[in-house]
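Okay, here's what each chain looks like letter by letter:
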2 protein chains.
Amino acid sequence: MTQGRPMRADARRNYERLLKVAAEAFAEHGENASLDDIAKRAGVGSGTLYRHFPTRRALLEAAYVDRVEALGARADELAARLPPGEALMEWLYELAVRTLQVRGMKALLSSAVTDDGGAAALTVCGTVVQGAVHRLVVAAQAEGTLRRDLEPVEVLRLAHGVAMAAELAGAGERETRRYLGLLADGLRSG
Amino acid sequence: MTQGRPMRADARRNYERLLKVAAEAFAEHGENASLDDIAKRAGVGSGTLYRHFPTRRALLEAAYVDRVEALGARADELAARLPPGEALMEWLYELAVRTLQVRGMKALLSSAVTDDGGAAALTVCGTVVQGAVHRLVVAAQAEGTLRRDLEPVEVLRLAHGVAMAAELAGAGERETRRYLGLLADGLRSG
DNA sequence: ACCTGAACACCGTTCAAGT
DNA sequence: ACCTGAACACCGTTCAAGT
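Residues numbered from 1 in each chain as written. Chains lettered and ligands numbered in written order. Predicted model: local features only at pLDDT ≥ 70, side-chain atom pairs only at ≥ 80, totals over all residues. Heavy atoms only, no water.

Going by what an unreviewed UniProt entry lists, chain A is known as HTH-type transcriptional regulator YvdT and is assigned to Streptomyces cyanogenus.

Printed below as a string of structure tokens:
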């Protein structure tokens with residue numbers, strides 16, 4: 001899917017310029033950054049942007065794919081270092097902090113955890129994030145510290161909801177951790 | 001603030017037509033319903049809409065003020081009938097169900113619980129909703145069933161976050177109640 | 001005092017023409 | 001095969017002219 005014949009040199013150049021500019025624009029203006037502006041700043045026609053990224057969602061995902069994959073890798077680092085229950089909660093915390101601090105990330109994660117009949121699970125972001133939480137949740141349930149009646153994606157959605165609540169509160173990292181801790185108390189088994 | 005000299009007859013007619021049409025439009029198209037369309041359907045110029053409701057938020061709030069006040073009254077009904085802890089959780093559940101089922105309500109409640117230095121608390125929706133949760137939370141804390149380190153508005157934001165998570169899950173009433181129950185377990189004292 | 005609606009600035013999307 | 005950018009449809013907001 002990521003392969004196929006290589007792009008023409010000018011197409012590849014445009015593709016990469018668009019990604020770079022888009023990442024800046026989303027960081028600066030959030031998920032609703034002007035697409036026309038991104039095309040202009042990248043020095044391409046707006047049609048070219050649409051050729052490479054047919055939807056805003058596609059561009060957002062491509063611009064943040066590095067960050068999302070780093071988050072997926074982080075799950076395994078934490079799993080290797082902490083007991084399963086703690087690894088899960090620490091990872092959800094890092095997810096929440098990114099939701100708060102990386103502009104546009106909230107929209108991307110929201111669409112990655114939406115129940116849309118599985119379409120979200122097929123996107124890169126959905127695959128990575130849902131895969132990571134699946135591993136962490138299963139381990140914590142096997143350990144016996146997490147309620148067994150929870151689906152991994154439910155844990156993800158609840159943590160995302162708490163992150164959105166933290167955003168409404170204008171919460172910093174400390175407060176976000178506290179809110180997640182409250183949720184964690186409700187999710188613990190026993 | 002709601003008084004002042006009475007409106008001219010045509011102004012009042014337009015005001016009421018706008019409210020009626022806006023309620024329908026928000027119900028049908030959600031918080032981003034076209035303002036121009038609302039003006040057209042109400043048979044007034046777009047300038048008239050802006051005269052009466054300078055912001056989208058103002059129109060949304062005016063269109064839903066009845067529902068919000070009903071929710072505030074509901075808090076007292078529940079407080080009179082149930083033990084404090086149960087009354088709080090039942091009210092948060094009803095809040096969440098409205099967030100899911102009444103289009104546009106999510107945006108209205110979000111802005112009512114946002115930490116914006118107190119501006120939200122001065123709107124009708126903010127006053128009503130924050131007042132209601134304050135009474136319920138204080139009672140539950142006095143009863144000893146709710147953690148004492150929680151501010152009322154924090155409880156409101158967390159429940160709102162859970163409601164947003166339920167929306168992402170496409171959850172119905174039953175599932176929403178389950179999610180809120182998980183949060184409730186984390187908020188309980190002891 | 002209030003209303004109207006044209007005018008403005010902006011945006012996303014498409015597509016015919018060009019290389 | 002890919003790019004360009006004008007054209008289109010749409011939106012929120014303002015404001016001069018009208019009653």
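Participant: Got a sec to walk through the pattern of salt bridges? Specific residues and values, please.
Facilitator: Across all of its chains, the model carries 32 salt bridges over all chains by this definition. Between Asp36(B) and Lys40(B) there is a salt bridge, and its shortest N-O distance comes to 2.7 Å. Separated by four residues within a single helix, Asp36(B) and Lys40(B) lie in helix H2 (residues 35-42), roughly one turn from each other. Among the residues examined, Asp36(B) registers a relative accessible area of 41% and is labelled partly exposed. Measuring nitrogen to oxygen at the nearest pair gives 2.9 Å for the salt bridge that ties Glu167(B) to Lys106(B). With Glu167(B) in helix H8 (residues 152-168) and Lys106(B) in helix H6 (residues 105-113), this pair connects stretches of sequence that are 61 residues apart. Look at Glu167(B) and you get partly exposed, because its relative accessible area is 36%. By relative accessible area, which is 25% here, Lys106(B) ends up partly exposed. Because the salt bridges share partners, they merge into one network encompassing Arg147(A), Asp149(A), Asp185(B) and Arg188(B). (Salt bridge = Lys/Arg side-chain N within 4 Å of Asp/Glu carboxyl O. Helix = DSSP H or I, 4+ residues; strand = E, 2+ residues; numbered from the N terminus. Buried < 20%, exposed > 50% of the residue type's maximum accessible area, 1.4 Å probe, protein only.)

Participant: Tell me what's going on with the UniProt feature "domain: HTH tetR-type" (unreviewed entry) in chain A, and back it up with residues and numbers.
Facilitator: When the UniProt feature table is mapped onto this chain, "domain: HTH tetR-type" (unreviewed entry) is found at residues 12-71 of chain A. From the first C-alpha to the last, residues 12-71 of chain A spans 26 Å; its make-up is 82% helix and 0% strand. (UniProt positions renumbered as here; feature names shortened; annotations may be inferred.)

Participant: Outline the interface of chain A and chain B, supporting the account with residue identities and numerical values.
Facilitator: At the interface, 25 residues of chain A touch 25 residues of chain B. Regarding the contact of chain A and chain B, the summed buried area is about 2100 Å², with carbon and sulfur atoms giving 64% of it. The largest per-residue losses of area from chain A upon contact with chain B belong to Leu158(A), Leu168(A) and Leu182(A), which jointly make up 30% of the total buried on that side. There are four salt bridges connecting chain A and chain B. As a salt-bridge pair, Arg147(B) and Asp185(A) come within 3.3 Å of each other at their nearest N and O atoms. Counting every contact that joins chain A to chain B gives 10 residue pairs in polar contact (both at pLDDT 80 or more). The leading source of residues in the side of chain A that touches chain B is helix H8 (residues 152-168) of chain A, at nine residues. When grouped by side-chain class, the residues that make up the side of chain A that touches chain B number 11 nonpolar, six polar and eight charged. (Contact = heavy atoms within 4.5 Å. Buried area = accessible area lost by both parts, 1.4 Å probe. Polar contact = N/O pair within 3.5 Å; in protein donor to acceptor, adjacent residues only side chain to side chain. Nonpolar A, V, L, I, M, F, W, Y, C, P; charged D, E, K, R; others polar.)

Participant: Could you give me a rundown of the protein's contact with DNA strand D, with the residues and numbers involved?
Facilitator: Near DNA strand D there are 20 residues, and of these Asn14(A), Gly45(A), Thr48(A), Tyr50(B) and Arg56(B) occur at the shortest range. Backbone atoms, meaning sugar and phosphate, form 67% of the atoms of DNA strand D found within 4 Å of the protein. Within the contact set of DNA strand D, a phosphate oxygen lies 2.9 Å away from a backbone nitrogen or oxygen of Gly45(A). Counting only elements with at least two residues in the surface near DNA strand D, the list comes to helix H1 (9-29) and helix H3 (46-52) of chain A together with H2 and helix H3 (46-52) of chain B. Taken together, the residues of the surface near DNA strand D break down into five nonpolar, 10 polar and five charged. (Near = heavy atom within 4 Å.)

Participant: So what's going on with the protein's contact with DNA strand C? Which residues, and what values?
Facilitator: Close to DNA strand C lie 20 residues, the nearest being Tyr50(A), Arg56(A), Asn14(B), Gly45(B) and Thr48(B). Counting only atoms of DNA strand C within 4 Å of the protein, the sugar-phosphate share comes to 68%. At a separation of 3.2 Å, a phosphate oxygen of DNA strand C approaches a polar backbone atom of Asp36(A). In the environment of DNA strand C, a phosphate oxygen lies 2.3 Å from a nitrogen or oxygen atom belonging to the side chain of Tyr50(A). Within the residue set of the surface near DNA strand C, elements represented by two or more residues are helix H2 (35-42) and H3 of chain A together with helix H1 (9-29) and H3 of chain B. Ranked by residues supplied to the surface near DNA strand C, first place goes to H3(B) with five residues. Of the residues in the surface near DNA strand C, the class split is five nonpolar, 10 polar and five charged.

Participant: Talk me through the relation of the copies chain A and chain B; I want residue IDs and the actual numbers.
Facilitator: Rotating chain A by 180° about the axis while translating it 0.0 Å along that axis superimposes it on chain B, leaving an RMSD of 0.0 Å. One copy is carried onto the other by what is essentially a two-fold rotation axis. A share of 100% of the interface residues of chain A reappears at the interface of chain B, consistent with the copies meeting face to face through the same patch. (Least-squares fit on C-alpha atoms with pLDDT ≥ 70 in both.)

Participant: Could you give me a rundown of the UniProt feature "DNA-binding region" (unreviewed entry) in chain A, with the residues and numbers involved?
Facilitator: In the UniProt entry, the feature "DNA-binding region" (unreviewed entry) is given for residues 34-53 of chain A. Here residues 34-53 of chain A runs as 75% helix and 0% strand, with 14 Å between its end C-alpha atoms.

Participant: Help me get a handle on the environment of Leu187(B), residues and values and all.
Facilitator: Tracing the backbone through its elements, the reader meets Leu187(B) in helix H9 (residues 173-187). By relative accessible area, Leu187(B) is classed as buried at 0%. Between the C-alpha atoms of Leu187(B) and Leu150(B), which are 37 residues apart in sequence, the distance is 8.3 Å. With near-sequence residues (within four places) excluded, Leu187(B) lies in contact with Leu182(A), Met89(B), Leu146(B), Arg147(B), Leu150(B), Val155(B) and Leu158(B).

Participant: Break down the domain arrangement of chain A for me, with residues and values.
Facilitator: Residues and elements named next belong to chain A. The domain boundaries assigned to chain A delineate domain 1 (9-54) and domain 2 (64-187). At the interface, seven residues of domain 1 touch four residues of domain 2. Contact between domain 1 and domain 2 buries roughly 410 Å² in total, counting both sides, with carbon and sulfur atoms accounting for 58%. Looking only at domain 1, the three residues that lose the most surface to domain 2 are Phe-26, Ala-27 and Glu-31, adding up to 65% of its buried area. On inspection of domain 1 and its partner domain 2, the count reaches zero salt bridges. Applying the counting criterion to the domain 1 and domain 2 interface returns one residue pair in polar contact (both at pLDDT 80 or more). Here the residues of the side of domain 1 that touches domain 2 are counted per class, giving three nonpolar, two polar and two charged. (Domains from an automatic or database assignment.)

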